[in-house]
Amino acid sequence: MSPETARSQETKTRLLEGALRTLTEQGIAKTSARTVAAAAGVNQALVFYHFGSVDELLAAACRYGAEQAVARYRERLAEAGTLSELLTVGREIHERERAGGHVALLGQLLAGAPTHPGLGPATAAGLDLWITEIEQVLRRVLAATPFGEFTDPAGLARAVAASFVGIELYEGVDEAGAGAALDALEQLGALVAAVESLGPVAQRAVRHQLRRRTQ
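Residues numbered from 1 in each chain as written. Predicted model: local features only at pLDDT ≥ 70, side-chain atom pairs only at ≥ 80, totals over all residues. Heavy atoms only, no water.

## Observations regarding the packing of helix H5 (residues 83-99) against helix H8 (residues 153-171)
- Their axes nearest at 12 Å, the elements H5 and H8 cross at an angle of 40°. When the axes of H5 and H8 are compared, the pair comes out oblique. Regarding H5 and H8, the two cross each other, and that crossing is right-handed. Facing H5, whose interface residues are Leu 87, Gly 90, Arg 91, His 94 and Arg 98, H8 presents Phe 164, Ile 167, Glu 168 and Glu 171.
- Class assignment of the residues belonging to the contact of H5 with H8 gives a composition of three nonpolar, two polar and four charged. (Axes fitted to C-alpha atoms, helices over the stretch in contact; angles between N-to-C directions. Helix = DSSP H or I, 4+ residues; strand = E, 2+ residues; numbered from the N terminus. Parallel < 35°, antiparallel > 145°, perpendicular 65-115°, else oblique. Left-handed = near helix turned anticlockwise from the far one by under 90°. Contact = heavy atoms within 4.5 Å. Nonpolar A, V, L, I, M, F, W, Y, C, P; charged D, E, K, R; others polar.)

## Topic: the side chain of His 94
- With respect to the secondary-structure elements, His 94 resides in helix H5.
- By relative accessible area, His 94 is classed as buried at 2%.
- Contact partners of His 94, with chain neighbours within four places excluded, come to Val 103, Phe 164, Ile 167, Glu 168, Glu 171 and Leu 182. (Buried < 20%, exposed > 50% of the residue type's maximum accessible area, 1.4 Å probe, protein only.)

## Here we look at the confidence of the model for the chain
- The predicted model of the chain averages 83 in pLDDT, with 87% of residues at 70 or higher.
- Mean pLDDT across the elements of the chain ranges from a minimum in helix H10 (residues 200-214), with 62, to a maximum in helix H2 (residues 33-40), with 96. (pLDDT = per-residue confidence, 0-100.)

## Digging into the pattern of salt bridges
- Going through the model one piece at a time under the given rule, you end up with seven salt bridges.
- Here Asp 128 ties to Arg 158 by a salt bridge, and the two come within 3.2 Å at their closest N and O atoms. On the criterion of sequence distance, the pair formed by Asp 128 in helix H7 (residues 119-142) and Arg 158 in helix H8 is long-range, its members being 30 residues apart.
- Linked by salt bridges that have partners in common, Arg 76, Glu 79 and Glu 92 make up one network. (Salt bridge = Lys/Arg side-chain N within 4 Å of Asp/Glu carboxyl O.)

## Brief notes about the nonpolar core
- Among the nonpolar cores identified, the biggest contains 25 residues, and Leu 15, Leu 16, Leu 57 and Leu 58 are the most heavily contacted of them.
- Put simply, the parts of the chain that give this core at least two residues each are helix H1 (3-26), H2, helix H3 (45-51), helix H4 (54-79), helix H6 (102-112) and H7.
- Broken down by element, the residue count for this core peaks at eight residues, all from H4.
- When sequence neighbours within four positions are dropped, the list of residues in contact with Leu 58 reads Ala 19, Leu 23, Ile 28, Thr 31, His 116 and Leu 119. (Core = buried A, V, L, I, M, F, W, Y, C linked by side-chain atoms within 4.5 Å.)

Have a look at this one:
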């Protein structure tokens, strides 16, 4: 990579991170070329040079932020060996992301989607990165359980992601209620773990009942 290309990439990264920081700290209403450039420590003309418009910068920042977040937790997600462990990891991620201000960021991205057309698809694409990781874990952990042949890992991954998004937003108005929702998800994981611990005869009986109810 040439020095000029490296400098250009560094500037783009600073703008992406500046946009995410501005959204988190000042909200979508105060996010502009000027405020983002100030956060990035560059001339605001570079917003338009590198991204064409503020909306394009925000969409790119949304994708960039999601890629960075998923990369931080990919190894931790890969370590989950059961549904209970996956939900525990989910709770850890939720708490860390909240502490880092990323829950507030998600709220601002969703709030800005109606007036910034690029944000909706970019936010959905970012969530899809999480869904892909979650689906891989679900396929692996459910395959050896009585539930493996009766569940849709792709749909379930979206349900899990949607649940955590809802809980993150809900937490802003009812922290105790959001905590209770997370507890309920963990209890569900414990129920699945209890079935996993049954012997082969009992597991066959569970599969038989599930087949009867899904036919």
